Structures are given as C-alpha cells and as structure tokens.
Number of protein chains: 2
Amino acid sequence: MKIRPLQNTGEMEALRQVIRATEMFTEEEEKVALELMDIFLTQPDQRDYIVEVLDEEDGALAGYVCYGPTPMTEGTYDLYWIAVHPRTQRRGYGRALLERVESLVAQRHGRLVLIETSSQEKYLPTRQFYLRAGYQEQARIPDFYRPGDDRIIYCRYLQCK
Amino acid sequence: MKIRPLQNTGEMEALRQVIRATEMFTEEEEKVALELMDIFLTQPDQRDYIVEVLDEEDGALAGYVCYGPTPMTEGTYDLYWIAVHPRTQRRGYGRALLERVESLVAQRHGRLVLIETSSQEKYLPTRQFYLRAGYQEQARIPDFYRPGDDRIIYCRYLQCK
C-alpha cells in the first residue's frame, strides 16, 4: 500500500469509479470532486487543492483524499473529499489517507483540520470513522444541504492550543 | 439610493477603495474580494458569485455585497462579503444590502442565508449588525482563522422549517 500524489487524468477516471462505487455521492458532488482533481493536475502553481491517491500492492487505485489550506486562515486546512472503494474497505485505507493528510499538514505547520459531512443516515459510518480518528463534532448547521439534512463540522486540533 | 448589479471593472476600483476605507480586511481578503468581483464580471455563465452595489443619490458607490448559492446544497446561500464606506455608515445602507440579498434569495426559493465572520474585537459592530438583522449565531470554530481568532457562523432561515 502506497500513498502518493495524483499523477494524470487517466487516474481521474479510476477515481471516478471509486467515487461511484461508494454510492455516497450525488452527480453534482462527483462533478465537483473531479473538478478539484483537474485543478490539481492542470494548475501546478495553485496550492488550494492537493490530491493524494492510495495504490494497493498490485498497483490498483483504491482510494483518494483531497485537502488544502483554508483560504484566509493561518494554519487551518480543509479535508474536502475522501473515498475508498467498497471492495477494499475495512483495511485501514481510509485511516491511512487521513493520517497522511495530518502528517502533511503538520509538516506545513498546520494547526487544525476541518471535515464537513452530512447528517444523513447513510453517512453514519463516515461520521463514526471521523470520531474514531480523533475528530470532534464542533458545529452543526440544521437543514444546510436540504431540509432535514444538516451540515456537521468535525475538527481536529493538531497542536496544543 | 439604488442597489443594482456590478457593471464594470472601473467600479471594482471604487469598491477596492470602499474595502480599504473600512480598515476591516487584510490584503489577502481584499485580493479574494476583488477576485470574486472579477469572476462575476468576466464569467457571465457562472452563477456562484453575484455582486450587487449600492449607489448614493449623487451616483457615488457607497458599498457592495457578494453572495451566491452554496455549492452542493438545495436552497442555501452564502453571503461572502459586505462592505459600506465608513463615510456613509449609519444610513441603513448595510441593512439595505442585506435585505436585497434576502429578497433575491427568496425569489430563487432559497431557504437559508449563511454569513461567516471573525470573533475579533474589531468585528463586534459587524456581529451586532447581523444579530439586529435577524441572524443567529449557529456555530463557532475556535482558533479557525488563527490562534485566538474564531470563525462564527450566522444563519437566517427565510422560511418556516
């Protein structure tokens, strides 16, 4: 298992398949996820979106994470997307991707990682995953995504305050 | 007093002066604010950022607001920037700009307007302005902008839930 930066548009297609296989994302969300990968690949000077992918031993692409520094903050990072193919879940790949982000953020003297997710029932395993990984629910905006679908913000402070 | 869409890059320079005169924004924040105006003017097909400006009776540009639909939500809008020249404050211009946004959002069947601001002392009048205008503090992320500088999220639900 190896985590390394996304390299080319061919890999984007593989990640599209990962995103679809999770059955967690709407068409619009998939579109935005792909746009951020495209920005990472085609705008080498930008530093807002960073995409890292996870290869299995046999070289198959099993998941990815997209994160970046939150604009107009000092040391805060947003984790925008994380997805692991259902075929390869329960192998710690999600946790490895998350720890990779935290490690890269810490290298850049980042202080805080934020993750936003939905209150929908289908995201319960996702929310439990963040809690197990040391994230705390910091805020909730009722009916943010749509009526009955709240936005939940998880935080992890990397250094002592 | 009249509120209408931003029309040309010459007006952007006038708005830069408004932003600077408030002494509320960092250089980076000013840069981002101008980038959003530029997107509004140069990408007529985009609908993410909408910029409305306030003209005084004599035609002078006294303030502006930038808002737009929050990506991946149904009916939620973000108010990204609002600024009124200090020379013309206490005339209800800020409130007029805010009400203009709420009215345009309601026309598009929007449900919810979000505004984010900082916990810094210098934003106290801004926070009081949002509270008086019917916004509620919904969430707070400690140390979000920098250590000691929290992110506060205000919400106004436009319709009964």
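For the structure itself, consult the block above.
Definitions and cut-offs
- Residues numbered from 1 in each chain as written.
- Chains lettered and ligands numbered in written order.
- Predicted model: local features only at pLDDT ≥ 70, side-chain atom pairs only at ≥ 80, totals over all residues.
- Helix = DSSP H or I, 4+ residues; strand = E, 2+ residues; numbered from the N terminus.
- Buried ≥ 20, exposed ≤ 12 C-beta atoms within 10 Å, placed from the backbone.
- Contact = placed C-beta atoms within 7 Å.
- Pairing = 2+ DSSP bridges.
- Axes fitted to C-alpha atoms, helices over the stretch in contact; angles between N-to-C directions.
- Least-squares fit on C-alpha atoms with pLDDT ≥ 70 in both.
- Nonpolar A, V, L, I, M, F, W, Y, C, P; charged D, E, K, R; others polar.
- Parallel < 35°, antiparallel > 145°, perpendicular 65-115°, else oblique.
- Left-handed = near helix turned anticlockwise from the far one by under 90°.

A.B. asks: Kindly report on the overall build of chain A, identifying the contributing residues and their values.
C.D. replies: When helices and strands are tallied, chain A shows four helices and seven strands. Along the chain direction, N to C, the helices and strands of chain A fall in the order β-α-α-β-β-β-α-β-α-β-β. With respect to the three principal axes, the spread of C-alpha positions in chain A is 40 × 35 × 30 Å. Burial status across chain A gives 33% buried among its 161 residues. Counting contacts in chain A only where the partners sit at least 6 residues apart, residues at least 24 apart contribute 53% of the total.

A.B. asks: Before we move on, could you go through the sheet that holds strand S5 (residues 112-118) of chain B and cite the residues and values that matter?
C.D. replies: Residues and elements named next belong to chain B. Within the open sheet, the seven strands sit side by side as S1-S2-S3-S4-S5-S7-S6. Their pairing is mixed. The two strands at the open ends of the sheet, each matched to only one other strand, are strand S1 (2-5) and strand S6 (136-146). Across this sheet, the average inter-strand angle for adjacent strands is 25 degrees, counted without regard to direction. Against the sheet, helix H1 (residues 9-22) makes contact with strand S2 (50-55), strand S3 (61-69) and strand S4 (76-84), and its axis sits at roughly 100 degrees relative to S3, the strand it touches most. Sheet strands touched by helix H3 (residues 93-107): S1, S2, S3, S4 and S5. Its angle to S3, the strand with the most contacts, is close to 30 degrees.

A.B. asks: For the sheet that holds strand S6 (residues 136-146) of chain A, give the residues involved together with the corresponding values.
C.D. replies: Residue and element names in this part refer to chain A. Sheet architecture is open: seven strands sit in the order S1-S2-S3-S4-S5-S7-S6, paired in mixed fashion. Sheet topology places strand S1 (2-5) and S6 at the edges, where each strand pairs with a single neighbour. Adjacent strand axes in the sheet meet at a mean angle of 25 degrees when their direction is disregarded. Taken together, the four bridges between strand S4 (residues 76-84) and strand S5 (residues 112-118) define a ladder with parallel strand orientation. Bridge pairing in S5 places Tyr77 opposite Val113.

A.B. asks: I'd like to hear about the environment of Tyr80 of chain A, residue by residue, with values.
C.D. replies: Residue and element names in this part refer to chain A. On the secondary structure map, Tyr80 appears in strand S4. A C-alpha to C-alpha distance of 12 Å links Tyr80 and Leu34, two positions 46 residues apart in sequence. Excluding anything up to four places from it in sequence, Tyr80 contacts Leu36, Cys66, Tyr67 and Gly68.

A.B. asks: Which residues make up the relation of the copies chain B and chain A, and what values do they have?
C.D. replies: Placing chain B over chain A gives an RMSD of 0.0 Å and needs a rotation angle of 180 degrees, together with 0.0 Å of translation along the axis. In symmetry terms, the pair is related by a two-fold rotation axis. By C-alpha distance to the rotation axis, the residue of chain B lying nearest is Ala139 of chain B, at 2.6 Å. Comparing interface residues between copies, 100% of those in chain B also sit at the interface in chain A, which points to an isologous, same-surface contact.

A.B. asks: I'd like a description of the pairing of strand S7 (residues 149-157) of chain A, backed by residues and values.
C.D. replies: Across a regular strand the side chains alternate sides, sitting on one face of the sheet and then on the other. Strand direction decides the pairing type here: S5 of chain A and S7 of chain A, joined by seven bridges, are antiparallel. Bridge pairing in S7 of chain A places Ser118 of chain A opposite Arg151 of chain A.

A.B. asks: Tell me about unusual backbone geometry, and please be specific about residues and values.
C.D. replies: Here the phi dihedral of Arg90 of chain A falls at roughly 65 degrees; this positive angle occurs in a residue that is not glycine. Since 8 C-beta atoms lie within 10 Å of it, Arg90 of chain A is described here as exposed. Positioned with a positive phi, Glu23 of chain B is a non-glycine residue whose angle comes to about 55 degrees. Inspection of the secondary structure puts Glu23 of chain B in the loop between H1 and helix H2 (27-42).

A.B. asks: Outline the interface of chain B and chain A, listing residues and values.
C.D. replies: The partner chain A presents 22 residues to the 22 residues of chain B that form the contact. Considering each element in turn, the side of chain B that touches chain A owes the most residues, eight residues, to S6 of chain B. The residue makeup of the side of chain B that touches chain A, split by class, is 11 nonpolar, three polar and eight charged.

A.B. asks: Before we move on, can you summarise the packing of H1 of chain B against H2 of chain B with the specific residues and values?
C.D. replies: Residue and element names in this part refer to chain B. It is the contact of H1 with H2, at a shortest axis distance of 11 Å, that shows an interaxial angle of 155 degrees. As far as their axial angle goes, H2 and H1 are roughly antiparallel. Of the two possible hands of crossing, H1 and H2 adopt the one that is right-handed. The segment H1 lies against H2, with Thr9, Met12, Leu15, Arg16, Ile19 and Arg20 engaging Glu30, Ala33, Leu34, Met37 and Leu41. When grouped by side-chain class, the residues that make up the contact of H1 with H2 number seven nonpolar, one polar and three charged.

A.B. asks: Quick rundown of the environment of Ala33 of chain A? Include the residues and the values.
C.D. replies: All names here are of chain A. Tracing the sequence through the fold places Ala33 in helix H2 (residues 27-42). Considering only alpha carbons, one finds Ala33 and Arg16, 17 residues apart in sequence, at a separation of 8.6 Å. Setting aside chain neighbours within four positions, we find Ala33 in contact with Ile19, Phe25 and Trp81.

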